[in-house]
Amino acid sequence: MNPKWSDMHYDVLKEVGNIGAGNAATALAALLNQQIKMQVPNVAWLPFDEVADRLGGAEEPVAGILLNVESDAPSTILVVFPLQQAYFLLDILFSRPLGQSDTIDEVGASALEEVGNILAGSYLTSLSSFTGLTFVPMVPAIAVDMAGAVLDYVLAEFGQIADQVLLIETEFQALGEDIYSYFFLVPKADALKAIFAALGVDYT
Amino acid sequence: MRKKRRVGMADLAVAGSPEILVTIGLGSCVGVALYDNRARIGGLAHIMLPKANGPLVSNPAKFADTALPLLVKKMEQRGALQRRLTAKLAGGAQMFKLERATDTMRIGERNTEAIIEWLTEENIPVLAQDTGGSWGRTVELDTETGEFLVRTIARGEKRY
């Protein structure tokens with residue numbers, strides 16, 4: 001945990017997560033034609049080794065969609081579906097009976113990238129209106145593999161300057177709780193300063 | 001069931017026969033196993049970045065240029081000798097195909113290069129290298145035999 005932070009810093013970032021995720025949930029609901037439930041965002045400084053635990057462990061198979069975000073508050077967005085959830089999602093997207101998908105081919109990979117794109121785009125749109133900052137998502141890329149391997153590239157960017165990473169995390173659920181995904185907004189080095197400054201919060 | 005010890009991301013550990021050292025979910029990170037065949041002592045590091053940036057290194061196990069000397073030192077404290085050490089490594093993948101291939105995106109490749117460079121300088125022979133590609137790896141070092149197991153999700157497993 002960053003010792004200089006008060007509850008207010010965490011509350012502000014939770015609000016950032018809430019506002020972004022609310023809009024993203026609406027977009028996902030429209031895309032899937034399903035009701036989407038959203039958990040209260042979780043804001044935490046985590047040691048690198050504990051990030052994968054959030055996803056069920058470093059060896060858990062997942063589909064991760066990565067987007068770099070260009071901005072005054074440069075960030076990375078990572079949307080992670082545990083593999084079985086990614087299959088369910090593809091079944092819904094392609095109107096197949098639930099449980100039919102058991103692989104992610106090129107078409108499936110593009111579809112998941114597009115889901116990542118839609119989630120990130122809607123999240124960032126509301127983040128822009130909330131903060132007045134500009135956020136431009138870059139082209140998404142997908143990796144389907146062990147959670148640790150999908151994450152370490154994102155973490156390596158922070159490794160040069162820190163041993164912990166700040167995650168603003170939201171969990172989305174559809175079809176009751178059968179489909180869930182994790183949405184991480186990871187602000188880069190100076191991004192937090194920019195976000196707090198934009199919202200008038202002291203940050204040293 | 002043999003005793004297995006897990007080495008976390010940006011961490012390292014030393015063990016003696018018959019313990020097995022494991023590190024899981026390597027993407028751009030590289031797992032480096034050093035082994036002294038005579039003393040049957042092994043060391044495993046889960047390296048995240050090629051080079052430490054300046055003198056303020058909070059966690060030396062994170063960087064190739066600080067993790068490897070530390071690993072050798074810890075192995076020598078357990079009775080290994082640097083001149084008997086051999087190395088096997090795996091990982092250093094590029095998990096995401098992003099459009100602009102800037103330097104940070106080649107992190108896996110740069111990790112591997114830094115490790116090979118250090119091992120070469122220190123005259124530690126590299127007996128096996130399973131690096132690159134775009135897939136994750138889990139590795140195990142058997143300190144009884146020096147065998148290095150590399151597991152993947154879609155590409156099976158290999159023993160070196």
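Preceding this paragraph is the structure being described.
An account of the accompanying structure is given in this report. Here the structure is a predicted model, which means the values were calculated and not measured. Along each chain, residues carry numbers from 1 onward, in the same order as the chain's sequence is written. Here chains are named by letter from A upward and ligands by number from 1 upward, in the order in which they appear as written. Residues qualify for local features only when their pLDDT is at least 70, as the model is predicted, and side-chain atom pairs are given and counted only at 80 or more; totals for whole chains, interfaces and linings, by contrast, use all residues. The side-chain numbers reported here are obtained from all heavy atoms of the structure, hydrogens and water having been left aside.

Things to note about the interface of chain A and chain B
Note: interface size is frequently given as the accessible area lost on complex formation between the parts. In this assembly, 29 residues from chain A lie in contact with 35 residues from chain B. Summed over both partners, buried area is the accessible surface (1.4 Å probe) that two parts give up on being assembled. When the two sides are added together, the surface that chain A and chain B hide from each other amounts to roughly 2500 Å², 61% of it contributed by carbon and sulfur. Among the residues of chain A in contact with chain B, Asp152, Tyr153 and Gln160 of chain A are the three that bury the most area, contributing 23% of the side total. By convention in these notes, a salt bridge is any Lys or Arg side-chain nitrogen within 4 Å of a carboxyl oxygen on Asp or Glu. Between chain A and chain B we count three salt bridges in total. The salt bridge involving arginine 151 of chain B is made with glutamate 59 of chain A; its shortest N-O contact spans 2.9 Å. Counted as a polar contact is a pair of N or O atoms within 3.5 Å, where, for protein atoms, one must be capable of donating a hydrogen and the other of accepting one, and residues adjacent in sequence contribute only when both atoms are in side chains. Linking chain A with chain B are ten residue pairs in polar contact (both at pLDDT 80 or more). Every helix listed is a DSSP run of H or I at least four residues long, and every strand listed is a run of E at least two residues long, numbered separately from the N terminus. Taken together, the elements giving at least two residues each to the side of chain A that touches chain B come down to helix 2 (48–51), strand 3 (61–71), strand 6 (141–146) and helix 5 (147–159) of chain A. Here the element with the most residues in the side of chain A that touches chain B is helix 5 of chain A; it accounts for nine residues. Amino acids outside the nonpolar list (Ala, Val, Leu, Ile, Met, Phe, Trp, Tyr, Cys, Pro) and the charged list (Asp, Glu, Lys, Arg) are all regarded as polar, and Gly is one of them. Broken down by class, the residue content of the side of chain A that touches chain B amounts to 17 nonpolar, five polar and seven charged. Contacts between residues were defined by any pair of non-hydrogen atoms, one from each residue, lying within 4.5 Å.

Comments concerning the pairing of strand 2 (residues 12–16) of chain B
Residue and element names in this part refer to chain B. A simple rule labels every residue: compare its accessible area, found with a 1.4 Å probe on the protein chains alone, to the largest value its type can have, and call it buried under 20%, exposed over 50%, or partly exposed in between. Taken across its five residues, strand 2 has five buried, putting it largely inside the fold. Of the two faces of strand 2, the one holding Leu12, Val14 and Gly16 and the one holding Ala13 and Ala15 are both buried throughout. Strands qualify as paired when DSSP identifies two bridges or more between them. Pairing geometry for strand 2 and strand 5 (residues 41–47), over five bridges, is antiparallel. Among the inter-strand pairings, leucine 12 is bridged to a residue of strand 5, identified as alanine 45.

Digging into unusual backbone geometry
Here the bond from serine 17 of chain B into proline 18 of chain B is cis, since omega is 5°, no more than 30 degrees from zero. Tracing the sequence through the fold places proline 18 of chain B in the loop between strand 2 and strand 3 (20–26). For asparagine 33 of chain A, which is not a glycine, the phi torsion comes out positive at approximately 55°. For asparagine 33 of chain A, the position within the fold is in the loop between helix 1 (7–32) and strand 1 (36–38). Exposure remark for asparagine 33 of chain A: the relative accessible area of 70% places this residue in the exposed category. For alanine 10 of chain B, which is not a glycine, the phi torsion comes out positive at approximately 60°. Inspection of the secondary structure assignment puts alanine 10 of chain B in the loop between strand 1 (4–6) and strand 2. Under the relative-accessibility criterion, alanine 10 of chain B is labelled buried at 7%.

Here we look at the side chain of serine 75 of chain A
Residues and elements named next belong to chain A. Within the secondary structure, serine 75 is located in strand 4 (residues 75–82). A distance of 2.9 Å separates the side chain of serine 75 from the backbone oxygen of alanine 73, its partner in a polar contact. Setting aside residues no more than four positions away along its own chain, serine 75 makes contact with Leu67, Asn68, Val69, Leu185, Val186, Pro187, Lys188 and Ala191.

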